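# A look at the structure
What follows is each chain in one-letter form.
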Amino acid sequence: MSRSRSAVDPKRVSSELFSLTYGCMVAQLLKDFENPEEVNKQLDTMGYNIGVRLIDDFLAHTPSVTRCTTLEEVAEILCKQGFKMFLGIVPEVRNWSASKDKFSLVISENPLAEYVELPPHCQDTLWYSNIICGVIRGALEMVQMDVKCTFVGDTLRGNDSTEIEIKFVKILEDSLPAGED
């Protein structure tokens, strides 16, 4: 006689495990640094280091992606392919500047912020998912694009959605290390 088993979606389990593990890491950073502003910097640095490596995986799994020539192309690929591949979500692109050098990614359901409630002393200073900004910065830097990436809203702070602003700074030039020709 066989037992009836309910189907468990491994992607859902993996997502929940990731969210809980991330939460533990942020909690530990808050204990170690005690200053939410410093935790924001640490999360950004960690994200940057992840982003410089993650871009290789992204490009290996999306051979149809070619070099982007506009920030609009970057925004579309970032949302429809990058976020979907790594976080399972598709943010909405909004708030383009008139000069098309700045836009916002609006995330209605942030998988990193599931099961999270910020401590009262962090409500106005901690950007809980700041690691995402670092990942975006690091990944785009590896494809010669310098951007400034900052949170401007977060559901954990009472906003309707999580919003990340991305501003184009400059195209980075390829350069060889000193002594190599």
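In what follows, the structure referred to is the one given above.
Residues numbered from 1 in each chain as written. Predicted model: local features only at pLDDT ≥ 70, side-chain atom pairs only at ≥ 80, totals over all residues. Heavy atoms only, no water.

### Some words on the environment of Gly153
Just so we agree on the cut-off: Helix and strand labels come from DSSP, where a helix needs a run of H or I of at least four residues and a strand needs a run of E of at least two; each type is numbered from the N terminus. By definition, residues are in contact when any of their heavy atoms lie within 4.5 Å.
When you line up the elements, Gly153 lands in strand β3 (residues 145-153). When the C-alpha atoms of Gly153 and Ile164 are compared, they prove to be 7.1 Å apart, with eleven residues separating the residues in sequence. Dropping the residues within four chain positions of it, Gly153 is found in contact with Trp127, Asn159, Ser161, Thr162 and Glu163.

### Examining the packing of aromatic side chains
For clarity, the cut-off: Only Phe, Tyr and Trp rings take part, Trp by its six-membered ring, and two of them pair if their centres are within 6.5 Å. Stacked means planes under 30 degrees apart, edge-to-face means over 60, and tilted covers everything else. A simple rule labels every residue: compare its accessible area, found with a 1.4 Å probe on the protein chains alone, to the largest value its type can have, and call it buried under 20%, exposed over 50%, or partly exposed in between. Working rule: Lys NZ or Arg CZ, within 6 Å of ring centre, within 35 degrees of ring normal, means a charge sits over the ring.
One pass over the structure, following the stated rule, counts three aromatic pairs. Seen from their ring centres, Trp127 and Phe151 are 5.6 Å apart, and the 15° between their planes marks the pair as stacked. Highlighted residues: Trp127 in the loop between β2 (102-107) and α4 (131-142) and Phe151 in strand β3, separated in sequence by 24 residues. Each member of the pair, Trp127 as well as Phe151, is classed as buried. The positively charged end of Arg157 is found above the aromatic ring belonging to Trp127, 3.5 Å away from the centroid.

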